[in-house]
Amino acid sequence: MTVSDTRYTDSVVAAFGNSCLYCGKELNSSVSPVVEHLNGMNRASVGLHVPGNVAMACKVCNNQKRNDDQKLLLAENGWESFLSHDGSRCGPGCKTCAYWRGIWPEDSQRLQVLTETRQRVQAFQAPYGQFIQWSAGARDTLRVKIEILYRDCQQFATDEIAKLVADVNLNFTDSRTLKSRD
Ligand SMILES: [Zn+2]
Ligand SMILES: [Zn+2]
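The structure displayed is predicted, hence computed values, not measured ones.

> I'd like to hear about the overall build of the protein, residue by residue, with values.
Each helix and strand counted, the protein has six helices and two strands in total. Reading the secondary structure of the protein in the N-to-C direction produces α-β-β-α-α-α-α-α. Taken against the 2.2 N^0.38 rule, which gives 16 Å for 182 residues, the C-alpha radius of gyration of the protein at 23 Å runs more than 25% over that of a compact globule. Per-residue burial for the protein yields a buried fraction of 35% across its 182 residues. Long-range contacts, defined as pairs at least 24 residues apart, comprise 61% of the intrachain contacts of the protein with a sequence gap of at least 6. Only carbon and sulfur atoms are counted for the fraction: they give 56% of the accessible area of the protein, which is about 11,100 Å². Taking the 21 positively charged and 20 negatively charged side chains of the protein as two groups, their mean positions are separated by 3 Å.

> Could you give an account of the coordination of the zinc ion (ligand 2), with specific residues and numbers?
Surrounding the zinc ion (ligand 2) are the protein donor atoms His85 (ND1), Cys90 (SG), Cys94 (SG) and Cys97 (SG), which sit 2.0 to 2.3 Å from the metal. Each of the four donor atoms around the zinc ion (ligand 2) contributes to a set of angles spanning 99 to 122 degrees, which defines the coordination as tetrahedral. Coordination of the zinc ion (ligand 2) draws on donor residues from a single chain, spaced H-x4-C-x3-C-x2-C in sequence. Of the two residues, histidine 85 is situated in the loop between α3 (78-82) and α4 (95-103) and cysteine 97 in helix α4; the sequence distance between them amounts to 12 residues. Judged by relative accessible area, which is 0%, histidine 85 ranks as buried.

> How would you explain the coordination of the zinc ion (ligand 1) if you had to name every residue and give the values?
The coordination sphere of the zinc ion (ligand 1) contains the protein donors Cys20 (SG), Cys23 (SG), Cys58 (SG) and Cys61 (SG), at a distance range of 2.3 to 2.4 Å. Here the zinc ion (ligand 1) is ringed by four donor atoms whose angles at the metal span 104 to 116 degrees, and the overall shape comes out tetrahedral. As a motif over one chain, the donors of the zinc ion (ligand 1) read C-x2-C-x34-C-x2-C. On the accessibility criterion, cysteine 20 (3% relative accessible area) is buried. In this structure cysteine 23 comes out as buried when scored by relative accessible area, which is 10%.

> Break down helix α1 (residues 6-16) for me, citing the residues and quoting the values.
Every buried residue belonging to α1 is among Tyr8, Val12 and Phe16, and all of these are buried. Projected down its long axis, α1 carries its buried residues within an arc of 50 degrees, all on one side. The exposed residues of α1 that point more than 90 degrees off its buried face are Thr6, Arg7, Asp10, Val13 and Ala14. On its buried side, α1 packs onto β2 (54-57) and α5 (107-125). With its phi angle positive at about 65 degrees, glycine 17 sits one or two positions after the end of α1.

Reading the values: rules and limits
- Residues numbered from 1 in each chain as written.
- Chains lettered and ligands numbered in written order.
- Predicted model: local features only at pLDDT ≥ 70, side-chain atom pairs only at ≥ 80, totals over all residues.
- Heavy atoms only, no water.
- Helix = DSSP H or I, 4+ residues; strand = E, 2+ residues; numbered from the N terminus.
- Rg over C-alpha atoms; globule rule 2.2 N^0.38 Å.
- Buried < 20%, exposed > 50% of the residue type's maximum accessible area, 1.4 Å probe, protein only.
- Contact = heavy atoms within 4.5 Å.
- Areas by Shrake-Rupley, 256 points an atom, 1.4 Å probe, with all protein chains shown as cover.
- Lys, Arg positive; Asp, Glu negative; His and termini not counted.
- Charge placed at Lys NZ, Arg CZ, Asp CG, Glu CD.
- Donors = N, O, S within 2.8 Å, 3.2 Å for Na, K, Ca; no water.
- Tetrahedral: all angles 85-135°; square planar, octahedral: opposite > 155°, others 65-115°.
- Arc of directions from axis to C-beta.

Written as structure tokens, this is what we have:
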């Protein structure tokens, strides 16, 4: 099975309806629906485009989650961390907690909705346990490779920046030499 199989898209709709999997807003053109990776395809989460990790979200939730994905403060999984900001575990400045508070201002209701949403995601992922397990294994291997890639890129950037700066210094010295000859 792949993510583009109708059996898969049907199971996404069965689990979340035509709604953002996080905030529950209806996915019409006013919320700019996006394909969402429960574990983001980024350095921290290393999510993969496999069944069980792909659903639909609204653009605002997608952006909000991307911020939280940089830190993964409350859980190892991106979706789980994002949906755990119920206001009881972070400092007063937490932007993700503030985001959920904006949608469900009442504490007990917010706690309940976020808990239910996490349970819904777990139930949705249950039939795809094999993919999820395989992804977790691949994630560990990929993390090592990604860290090496980052280190190499940083080294490359450092070297190139040093060269650029050296060139500028050289031009500066040249122009001074020329001027002093005048
Ligand atoms: Zn949303
Ligand atoms: Zn928070």
